[in-house]
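Structural description and commentary
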Amino acid sequence: NDLLPVVPSSADGNALYLTTTRYGSSSGNVVTQTGSTTTQAVITDLYSSVRRFAEFQDQESQPFFDVSAIKGGITVFYGTSLTEIMEAVAVQTLTHSVVSTTGAAVTNLVMAGSVNWNFIPSQRITNSRLYLFLRNLPSELRPVVRQVRKGMTEAQGNWETSDYTRDTGETYFQFHSREGWGSPNARGTIRVS
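Quantities reported herein were computed from a predicted structural model and do not represent experimental measurements.

Overall, mixed pairing links the 5 strands, which are arranged 1-9-6-2-5 in an open sheet. The sheet is open, and its two borders are formed by strand 1 (30-31) and strand 5 (117-122), each paired with just one other strand. Relative to strand 9 (residues 189-192), strand 1 runs parallel, the two sharing 2 bridges. Across the sheet, valine 30 pairs through a bridge with arginine 191, a residue of strand 9. Packed on one face of the sheet, helix 3 (residues 83-91) meets strand 2 (74-79), strand 5 and strand 6 (130-134) and runs near 155 degrees to strand 2.

Time to look at the pairing of strand 6. In terms of burial, strand 6 is a largely internal element, 4 of the 5 residues being buried. The pairing of strand 2 with strand 6 spans 5 bridges and is classified as antiparallel. For isoleucine 74, the partnering residue across the bridge sits in strand 6 and is leucine 134. Of the pairings in the sheet, the one linking strand 6 to strand 9 comprises 4 bridges and is antiparallel in character.

The next subject is the environment of methionine 111. Mapped onto the fold, methionine 111 is located in helix 4 (residues 109-112). Judged by its relative accessible area of 48%, methionine 111 is partly exposed. For the pair formed by methionine 111 and valine 91, sequence separation is 20 residues and the distance between their alpha carbons is 6.9 Å. Once residues lying within four places of it in the same chain are set aside, the contact partners of methionine 111 are Ala90, Val91 and Gln92.

Membership of the largest hydrophobic core comes to 34 residues, with the highest contact counts inside it found for Leu46, Ile74, Trp117 and Leu130. Of all the secondary structure elements, the ones that give two or more residues to this core are strand 1, helix 1 (39-55), helix 2 (67-71), strand 2, helix 3, strand 5, strand 6 and strand 9. It is helix 1 that provides the largest number of residues to this core, a total of 5 residues. Each residue touching leucine 46, except ones within four places of it in the same chain, is listed here: Val76, Val89, Val110, Trp117, Phe119, Leu130 and Leu132.

In a regular helix each residue adds 1.5 Å, so 17 residues correspond to 24 Å; helix 1 covers 24 Å between its end C-alpha atoms and thus fits that length. Residues Thr39, Ala41, Val42, Ile43, Asp45, Leu46, Ser49, Val50, Arg52 and Phe53 constitute the buried set of helix 1.

Before going further, it helps to spend a moment on the packing of aromatic side chains. Evaluated as defined, the whole model comprises 9 aromatic pairs. Ring centres 5.7 Å apart and planes at 55 degrees place the aromatic pair tyrosine 17 and tyrosine 131 in the tilted group. Placement of tyrosine 17 in the segment before strand 1 and of tyrosine 131 in strand 6 is noted, with a sequence separation of 114 residues between them. This pair shows no difference in class: tyrosine 17 is buried, exactly as tyrosine 131 is. Taking the centre distance of 5.7 Å and the plane angle of 70 degrees together, the rings of tyrosine 47 and tryptophan 117 count as edge-to-face.

The interhelical angle for the contact between helix 1 and helix 3, taken along N-to-C directions, is 70 degrees, at an axis separation of 9 Å. With respect to helix 3, the element helix 1 is oriented roughly perpendicular. Side by side, helix 1 and helix 3 meet where Thr39, Val42, Ile43 and Leu46 of the first sit next to Ile85, Met86, Ala88 and Val89 of the second. Taken together, the residues of the contact of helix 1 with helix 3 break down into 7 nonpolar, 1 polar and no charged.

The rules behind the values
Residues numbered from 1 in each chain as written. Predicted model: local features only at pLDDT ≥ 70, side-chain atom pairs only at ≥ 80, totals over all residues. Heavy atoms only, no water. Pairing = 2+ DSSP bridges. Helix = DSSP H or I, 4+ residues; strand = E, 2+ residues; numbered from the N terminus. Contact = heavy atoms within 4.5 Å. Axes fitted to C-alpha atoms, helices over the stretch in contact; angles between N-to-C directions. Buried < 20%, exposed > 50% of the residue type's maximum accessible area, 1.4 Å probe, protein only. Core = buried A, V, L, I, M, F, W, Y, C linked by side-chain atoms within 4.5 Å. Expected span 1.5 Å × (residues − 1). Phe/Tyr/Trp six-rings, centres within 6.5 Å; stacked < 30°, edge-to-face > 60°. Parallel < 35°, antiparallel > 145°, perpendicular 65-115°, else oblique. Nonpolar A, V, L, I, M, F, W, Y, C, P; charged D, E, K, R; others polar.

Remember that the coordinates give geometry; whether it matters functionally is a separate question.
Below, the structure written as structure tokens:
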């Protein structure tokens, strides 16, 4: 769970999340939040994001994702301040409706729907934003990837291997690697804000 020093730009030269026209959507990969204080508002935002994933297009104005990619699962990261409401969204059972004239129970679409949701709280998110990531995407479609050019190597400085240690009496460890983060395709993530 390393933190990125900065969120990398995507291959198209834009930020990871963009609110202007991108991927065939006039609002890019950002969905406007309707609310974060009721389960219905959060469910509405989640399914607005599902719709946005389904609306993304390729360079020939064709659907980018097959419906099975979306139903394969979505992970939602949220701030710990939303824990209660997100738990209610995830596991709320059927409740009797006093609004309905029939007294029927209201279904929890998150539990009963076909999308496999995974909710993860993070203390690093300090506002009411939600970050959604499609799961099980092939590497070339993932929104954020780690690129390792040279794996980590370790060098130990001890009495047997280091003149510096023999001169100063200080043992040490050195690590070296060449790696970074990139965003080849930001279609696999949506921010709700």
